[in-house]
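# Descriptive structure summary
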Amino acid sequence: MDSKILEIIGGKRLRGEVFISGAKNAALPGLAATLLSSEPVNISNVPEVDDVIVMINALRSIGADIDIKNNIVKSEIKEIKSNIISGDIVGSIRASILFLGPMLARNGFVKVSQPGGCPIGHRGVDYHFEALKLMGADIEIEGNDIVAKTNGLSGIEYTFPGKTVTGTENIIMAASLAEGSSVLKNCALEPEIDDLIWMLNKMGADIERKDNDTIIIKGQTSLGFVDHRIIPDRIETGTYVILACLNNNRIVVKDTRPELIKTLLDILKRMEIDVTVKEGDIRIKPNENMLPVNVETETYPGLPTDLQAQLMVLLTNTEGASQIKESIFNNRFNHANELNRMGANIGIDGNIARINGKTKLIGKENIIASDLRASAALVLGALIAEGRTTIKNSFQLFRGYERLPEKLRHLGAEIRILD
Ligand code: EPZ
């Protein structure tokens with residue numbers, strides 16, 4: 001996997017339509033939720049990306065009769081055959097933490113490798129543990145594994161100390177089969193959480209989001225069958241929308257949910273970029289005199305941290321001084337150095353990036369991709385750079401972007417994988 005090197009010949013003007021895949025960050029909790037039912041669970045519009053395949057293999061390893069074909073997952077877990085989710089299978093993907101809640105609720109015991117360290121900074125899971133312990137779980141760390149067990153989970157009143165996406169998802173799933181009701185406060189507002197709630201309620205759960213960040217769950221004894229379609233990926237959408245703003249491209253982003261990236265679209269309008277939304281499509285007319293902006297990443301519905309790196313590329317292409325404040329993660333500017341190697345002029349000062357545009361990017365050999373979204377930003381940079389760029393560690397991209405080379409080639413990009 002690590003050998004994947006992407007080669008891009010930049011400077012080509014891209015045109016055409018790009019169709020958005022299902023949301024990785026909705027599919028991952030959706031797959032974990034299949035553990036909560038012993039009846040068939042069908043999930044469509046699932047992106048066939050590496051993180052999803054890892055989760056499917058992990059579910060199969062503990063007894064799921066599960067497969068994915070043409071973006072449709074069919075799963076049935078009549079009984080849990082193993083309590084151990086091996087690190088060899090889930091490795092260090094962050095989403096492995098999502099096995100905790102459902103496995104405790106369904107099986108009362110699970111041993112799963114700790115979610116990996118991430119090059120984007122601190123990835124705490126203490127809120128997950130705190131809430132599950134309050135529900136009646138014992139959680140220990142044994143080497144690199146989390147070992148969690150319970151004689152039965154009870155509903156809780158709990159206020160998350162900080163907004164956590166997978167933390168909210170984990171506790172919602174655990175509470176769905178707990179004894180009694182739960183009231184969770186200071187929950188994250190990301191749309192992928194509401195997609196999970198919708199799926200669980202169709203399985204027979206009783207979950208209600210009240211006044212935004214409070215979620216009430218009435219525990220059930222079991223959940224049943226569901227046929228669920230995953231929402232479009234708002235981060236993939238934002239990535240291609242930003243590409244559409246570059247290099248006088250003419251790209252229409254199709255079959256998505258524009259309202260899920262409203263904050264990004266508002267920023268582009270502040271930059272005087274022509275954005276047209278029509279039902280599920282977003283059409284962009286680039287403006288070579290777009291205006292610099294100062295922005296900050298926030299929890300939903302603010303500017304997603306997962307679009308910060310991609311927006312930084314656009315700002316290198318914007319005349320004037322712009323600024324991005326990264327308020328969610330404490331080490332999420334690794335892409336800035338690589339963009340500077342290509343000719344950008346970005347200064348980092350703690351969690352503030354100062355971008356001085358407009359700079360012309362020049363293709364470079366052996367640009368290093370550090371994490372999933374940084375990789376996407378480096379692809380955007382390489383697409384507008386003059387000449388040839390090779391990007392190492394680009395396996396990161398295939399964790400979260402479905403058929404990225406094919407979608408870009410369809411728009412006229414010159415991109416290939418060098419093994
Ligand atoms: C989810 O990660 C996403 N992943 C991330 O997307 C996304 O960047 C992140 O939310 C923020 O939006 C999935 O949904 C699978 P958090 P998650 O828990 O849930 C701290 C991508 O590129 N925190 O909301 O792991 C934490 O350290 C990925 O698709 C604790 O301290 O993020 C971080 O600073 C990257 N203790 C902040 O909260 C906890 O128990 C937000 O983390 C939980 C979180």
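Up top is the structure these notes are about.
This section reports on the structure supplied with the text. Here the structure is a predicted model, which is why all the values come from computation and not from measurement.

### A few points about the overall build of the protein chain
Scanning the protein chain for helices and strands turns up 14 helices and 24 strands. In terms of C-alpha radius of gyration, the protein chain reaches 21 Å, essentially the compact-globule figure of 22 Å for 419 residues. For the protein chain, the spread of C-alpha atoms along the principal axes amounts to about 60 × 45 × 40 Å. Here the analysis covers contacts within the protein chain between residues at least 6 apart in sequence; of these, 72% occur between residues at least 24 apart. Within the structure as shown, the protein chain displays about 16300 Å² of accessible surface, and the carbon and sulfur contribution to it stands at 46%. Across the protein chain, the mean location of the 48 positive side-chain charges is 5 Å away from that of the 54 negative side-chain charges.

### A short note on unusual backbone geometry
Looking along the chain, the bond that leaves Tyr300 and enters Pro301 is cis, with omega of 10 degrees. By secondary structure assignment, the location of Pro301 is in the loop between strand 18 (294-296) and helix 10 (308-316). Residue Gly357 is joined to Lys358 through a cis peptide bond whose omega torsion reads 5 degrees. For Lys358, the location among the structural elements is in the loop between strand 21 (352-357) and strand 22 (367-368).

### Let's talk about the site of the ligand
Taken together, the neighbourhood of the ligand is formed by 22 residues, with Arg94, Asp126, Thr164, Thr166 and Asp306 sitting nearest. In the model, an oxygen atom of the ligand is placed 3.0 Å from a nitrogen or oxygen of the Asn25 side chain. Going through the elements one at a time, helix 1 (24-33), helix 5 (126-134), helix 6 (165-176) and helix 12 (372-384) are the ones with two or more residues in the shell around the ligand. Here the shell around the ligand gets three residues from one element, more than from any other, and that element is helix 5.

### A few points about a positive patch on the surface
A cluster of like positive charges, contributed by Arg13, Arg15, Arg250 and Lys285, occupies part of the molecular surface. Locating Lys285 in the fold gives a position in strand 17 (residues 281-285). Assessed through its relative accessible area of 46%, Lys285 is described here as partly exposed.

### Some words on the pattern of salt bridges
Counted according to the given criterion, the structure contains 19 salt bridges. Residues Arg399 and Asp51 are paired through a salt bridge, measuring 2.9 Å at the closest nitrogen-oxygen approach. Taken together, the residues Arg399 in helix 13 (residues 395-400) and Asp51 in helix 2 (residues 50-61) connect sequence positions 348 residues apart. By the burial criterion, Arg399 is buried, and Asp51 matches it. With its nearest N and O atoms 2.2 Å apart, the salt bridge here joins Glu365 to Arg388. Separated by 23 residues along the polypeptide, Glu365 in the loop between strand 21 and strand 22 and Arg388 in strand 23 (residues 387-392) bring together distant segments of the chain. Owing to a relative accessible area of 41%, Glu365 belongs among the partly exposed residues under this scheme.

### Regarding the sheet that holds strand 20 (residues 346-349)
Within the open sheet, the four strands sit side by side as 18-19-21-20. Their pairing is mixed. Edge strands, defined here as strands with exactly one partner in the open sheet, are strand 18 and strand 20. Across the sheet, the mean angle separating the axes of adjacent strands is 15 degrees when strand polarity is ignored. Of the pairings in the sheet, the one linking strand 19 (residues 320-325) to strand 21 comprises six bridges and is antiparallel in character. Pairing of Ser322 across the sheet is with Ile355, part of strand 21.

### Thoughts on the packing of aromatic side chains
For the structure on display, the rule yields one aromatic pair. Ring centres of Tyr158 and Phe160 lie 5.0 Å apart, and the angle between their planes is 80 degrees; on these two criteria the pair is classed as edge-to-face. Exposure remark for Phe160: the relative accessible area of 1% places this residue in the buried category. The ring of Phe398 is capped by Lys4, whose NZ or CZ atom sits 4.6 Å from the centre of that ring. A cation over a ring is seen here: Lys202 above Trp198, with NZ or CZ 4.1 Å from the ring centre.

### Notes on the pairing of strand 9 (residues 145-150)
Looking at chain direction, strand 7 (residues 109-113) and strand 9 are connected through five bridges and run antiparallel. What sits directly across from Ser113, in strand 9, is Asp145. By the bridge criterion, six bridges tie strand 8 (residues 137-142) to strand 9 in an arrangement that is antiparallel. When the sheet's bridge partners are listed, Ala137 is paired in strand 9 with Thr150. Connecting strand 8 to the next strand, strand 9, in antiparallel fashion are two residues, including Gly143 with a positive phi near 65 degrees.

### Description of the side chain of Thr166
With respect to the element layout, Thr166 can be found in helix 6. Those residues in contact with Thr166, other than ones at most four positions away along the chain, are Arg94, Ile97, Leu98 and His128.

### Re the packing of helix 8 (residues 234-244) against helix 10
Running from N to C, helix 8 and helix 10 cross one another at 10 degrees; their axes reach a closest spacing of 10 Å. Relative to helix 10, the element helix 8 is oriented roughly parallel. Contacts between helix 8 and helix 10 involve Ile235, Thr239 and Ile242 from the first element and Gln310, Leu311 and Leu314 from the second. Each residue belonging to the contact of helix 8 with helix 10 can be placed in one class, and the counts come to four nonpolar, two polar and no charged.

Cut-offs and rules
Residues numbered from 1 in each chain as written. Predicted model: local features only at pLDDT ≥ 70, side-chain atom pairs only at ≥ 80, totals over all residues. Heavy atoms only, no water. Helix = DSSP H or I, 4+ residues; strand = E, 2+ residues; numbered from the N terminus. Rg over C-alpha atoms; globule rule 2.2 N^0.38 Å. Contact = heavy atoms within 4.5 Å. Areas by Shrake-Rupley, 256 points an atom, 1.4 Å probe, with all protein chains shown as cover. Lys, Arg positive; Asp, Glu negative; His and termini not counted. Charge placed at Lys NZ, Arg CZ, Asp CG, Glu CD. Near = heavy atom within 4 Å. Polar contact = N/O pair within 3.5 Å; in protein donor to acceptor, adjacent residues only side chain to side chain. Patch = residues over 30% accessible without salt bridge, like charges linked within 9 Å, V, L, I, M, F, W, Y side chains within 5 Å. Salt bridge = Lys/Arg side-chain N within 4 Å of Asp/Glu carboxyl O. Buried < 20%, exposed > 50% of the residue type's maximum accessible area, 1.4 Å probe, protein only. Pairing = 2+ DSSP bridges. Axes fitted to C-alpha atoms, helices over the stretch in contact; angles between N-to-C directions. Phe/Tyr/Trp six-rings, centres within 6.5 Å; stacked < 30°, edge-to-face > 60°. Lys NZ or Arg CZ within 6 Å of the ring centre and 35° of its normal. Parallel < 35°, antiparallel > 145°, perpendicular 65-115°, else oblique. Nonpolar A, V, L, I, M, F, W, Y, C, P; charged D, E, K, R; others polar.

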